[in-house]
Number of protein chains: 2
Amino acid sequence: MKLILDRAKDQSKLCPVRDVINRISDKWSLLSILALGTHGTLRFNALKKEIGDVSQRMLTVTLRNLEEDGFVSRKIYAEVPPRVEYQLTEMGQGLMQQALQLADWANNQLPEIISSRKKFIKN
Amino acid sequence: MKLILDRAKDQSKLCPVRDVINRISDKWSLLSILALGTHGTLRFNALKKEIGDVSQRMLTVTLRNLEEDGFVSRKIYAEVPPRVEYQLTEMGQGLMQQALQLADWANNQLPEIISSRKKFIKN
DNA sequence: CCGAATCCTCGAAGATACTG
DNA sequence: CAGTATCTTCGAGGATTCGG
């Protein structure tokens, strides 16, 4: 645990926790992971449609990041028009499980969080 | 799980998962939580020193957010000079446990993530 | 000692247009 | 269909100053 604190403090060093948190905390990664986890395999535009309001550029960026870290696999079929299929890797499914655990906890705490916010008076 | 996806998609609605992720994914919240979890109780400047390179403003902002959601408690002593002590609430300790679980998983995946990054060739 | 107020920087995210 | 290339926007985070 001290390890985590130290790693996170010196941001020049490698910090797997921070890496993983960064990966799921950007705007579209978690949604992409959940969509792929639900559907198994999705083509680019199907995934885009599933998420809804993501721009083409941001979905591409998001998927490249997830692919680079090994959470998502990308298969290109040499066809015309091109077909590219995305799916979660085994590690990607593990990441989704972690996120779901966190989600479960968060949902359980929701009433207390709401309550705390109401009590809190700004200024 | 569908719930999570739907909640996250419509960003106008309440999404506890996103809330919690946002809370731990900003630059200083997790470090603050870990520092408080380690030391139990810390005064403002002690916490600042513990974290290291956080600005006064950002530590204040971070702590207010954590306090608002009920993860951190803040006790003000009517002294001169003023003394303010921070510590994790019970829910805050729960949040730290969640983060530590995620950290544990992340550390286990580290070799595979590193490996995947090396294989990935940009352009 | 513990902040609040103000101003500024910089990178994530979006809009738009183009391409193999 | 599945991207890339540019340009722009917007807000988190930082520097600095002032106050109880």
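Relevant structure appears above.
In this report, we go over the structure that sits alongside the text. Bear in mind the structure is a predicted one, so any value in this text is a computation, not a measurement. (Residues numbered from 1 in each chain as written. Chains lettered and ligands numbered in written order. Predicted model: local features only at pLDDT ≥ 70, side-chain atom pairs only at ≥ 80, totals over all residues. Heavy atoms only, no water.)

### Here we look at the overall build of chain A
Put simply, the rule reads: Strands are runs of DSSP state E lasting at least two residues, helices are runs of H or I lasting at least four, and both sets are numbered from the N terminus onward. We call two residues in contact when some of their heavy atoms are within 4.5 Å. Each accessible area is a Shrake-Rupley estimate made with a 1.4 Å probe; only the visible protein chains count as cover when residues are assessed.
Helix and strand counts for chain A come out as 6 helices and 3 strands. Secondary structure elements of chain A, listed N to C terminal, follow the sequence α-α-α-β-α-α-β-β-α. Taking all contacts inside chain A whose residues are at least 6 apart in sequence as the whole, residues at least 24 apart take part in 42%. A total of about 6,500 Å² of accessible surface is found on chain A, and carbon and sulfur atoms cover 50% of it.

### Looking at the protein's contact with DNA strand D
Counted only if it meets this: Any residue with a heavy atom positioned within 4 Å of a molecule or strand is treated as near that molecule or strand. What qualifies as a polar contact is a pair of N or O atoms within 3.5 Å, subject to a donor-acceptor requirement within protein and to the restriction that residues adjacent in sequence count only when both atoms come from side chains.
Near DNA strand D there are 19 residues, and of these Gln56, Arg64, Arg74 and Tyr86 of chain A together with Lys27 of chain B occur at the shortest range. At the protein interface, 60% of the atoms of DNA strand D within 4 Å belong to sugar or phosphate. The separation between a phosphate oxygen of DNA strand D and a polar main-chain atom of Asn45 of chain A is 2.9 Å. Note that a base nitrogen of DNA strand D is positioned 2.9 Å from one of the side-chain N or O atoms of Arg57 of chain B. Mapped by element, the contributors of at least two residues to the surface near DNA strand D are helix H4 (44-51), helix H5 (56-68) and strand S3 (83-88) of chain A together with helix H5 (56-68) of chain B. Looking at the surface near DNA strand D element by element, the count peaks at 4 residues for H5 of chain A.

### A look at the pattern of salt bridges
The test is simple: Put simply, a salt bridge is a Lys or Arg side-chain nitrogen that is within 4 Å of an Asp or Glu carboxyl oxygen. Exposure classes here rest on a 1.4 Å probe applied to the protein chains alone. A residue is buried below 20% of its type maximum, exposed above 50%, and partly exposed in between.
Counted by the stated rule, this structure contains 10 salt bridges over all chains. Measuring nitrogen to oxygen at the nearest pair gives 2.6 Å for the salt bridge that ties Arg117 of chain A to Asp69 of chain B. Placement of the pair is Arg117 of chain A in helix H6 (residues 90-119) and Asp69 of chain B in the loop between H5 and strand S2 (72-77), with the two residues belonging to separate chains. The exposure class of Asp69 of chain B is buried, given its relative accessible area of 2%. Of the charged contacts in the structure, one is a salt bridge between Asp69 of chain B and Arg23 of chain B, with a shortest N-O distance of 3.3 Å. Taken together, the residues Asp69 of chain B in the loop between H5 and S2 and Arg23 of chain B in helix H2 (residues 16-25) connect sequence positions 46 residues apart. Linked by salt bridges that have partners in common, Asp19, Arg23 and Asp69 of chain A together with Arg117 of chain B make up one network.

### Notes on the side chain of Arg18 of chain B
Looking at the element boundaries, Arg18 of chain B is found in helix H2. With residues up to four places along the chain from it excluded, the contact list for Arg18 of chain B reads Ile24, Ser25, Asp26, Lys27 and Leu30 of chain A.

### Details of the protein's contact with DNA strand C
Where we set the bar: Throughout, the ten residues Ala, Val, Leu, Ile, Met, Phe, Trp, Tyr, Cys and Pro are labelled nonpolar, Asp, Glu, Lys and Arg are labelled charged, and all others, Gly among them, are labelled polar.
Near DNA strand C, the surroundings consist of 18 residues, among which Lys27 and Trp28 of chain A together with Gln56, Arg74 and Tyr86 of chain B are the closest. In this structure, a phosphate oxygen belonging to DNA strand C sits 2.6 Å away from a side-chain N or O atom of Lys27 of chain A. Here Trp28 of chain A contributes a side-chain N or O atom positioned 2.8 Å from a phosphate oxygen of DNA strand C. Going through the elements one at a time, H5 of chain A together with helix H4 (44-51), H5 and strand S3 (83-88) of chain B are the ones with two or more residues in the surface near DNA strand C. Among the residues forming the surface near DNA strand C, the class breakdown is 8 nonpolar, 3 polar and 7 charged.

### A word on the packing of helix H3 (residues 29-39) of chain B against H5 of chain B
Residue and element names in this part refer to chain B. Put simply, the test is: Between N-to-C directions, angles span 0 to 180 degrees; the directions come from axes that are lines fitted to C-alpha atoms, helices contributing only their stretch in contact. Any angle between 65 and 115 degrees counts as roughly perpendicular, while under 35 counts as roughly parallel, over 145 as roughly antiparallel, and the rest as oblique.
Between H3 and H5, the shortest axis-to-axis distance is 10 Å and the interhelical angle comes to 75°. In terms of orientation, H3 and H5 fall into the roughly perpendicular class. Facing Ser29, Ser32 and Ile33 of H3, the residues of H5 in contact are Leu59, Thr62 and Leu66.

### Focus: the sheet that holds strand S1 (residues 41-43) of chain A
Residues and elements named next belong to chain A. So the rule is basically this: Paired strands are those between which DSSP finds at least two bridges.
The strand order across the open sheet formed by 3 strands is S1-S3-S2, and the pairing between neighbours is antiparallel. Edge positions in the sheet fall to S1 and strand S2 (72-77), since each of these pairs with one other strand and no more. The average undirected angle you get between the axes of adjacent strands in this sheet is 25°. Here S2 pairs with S3 via 6 bridges, running antiparallel. Bridge pairing in S3 links Tyr77 to Arg83. The strands touched by helix H3 (residues 29-39) within the sheet are S1, S2 and S3, with S3 carrying the most contacts at an inclination of about 95°. Packed on one face of the sheet, H4 meets S1 and S3 and runs near 100° to S1.

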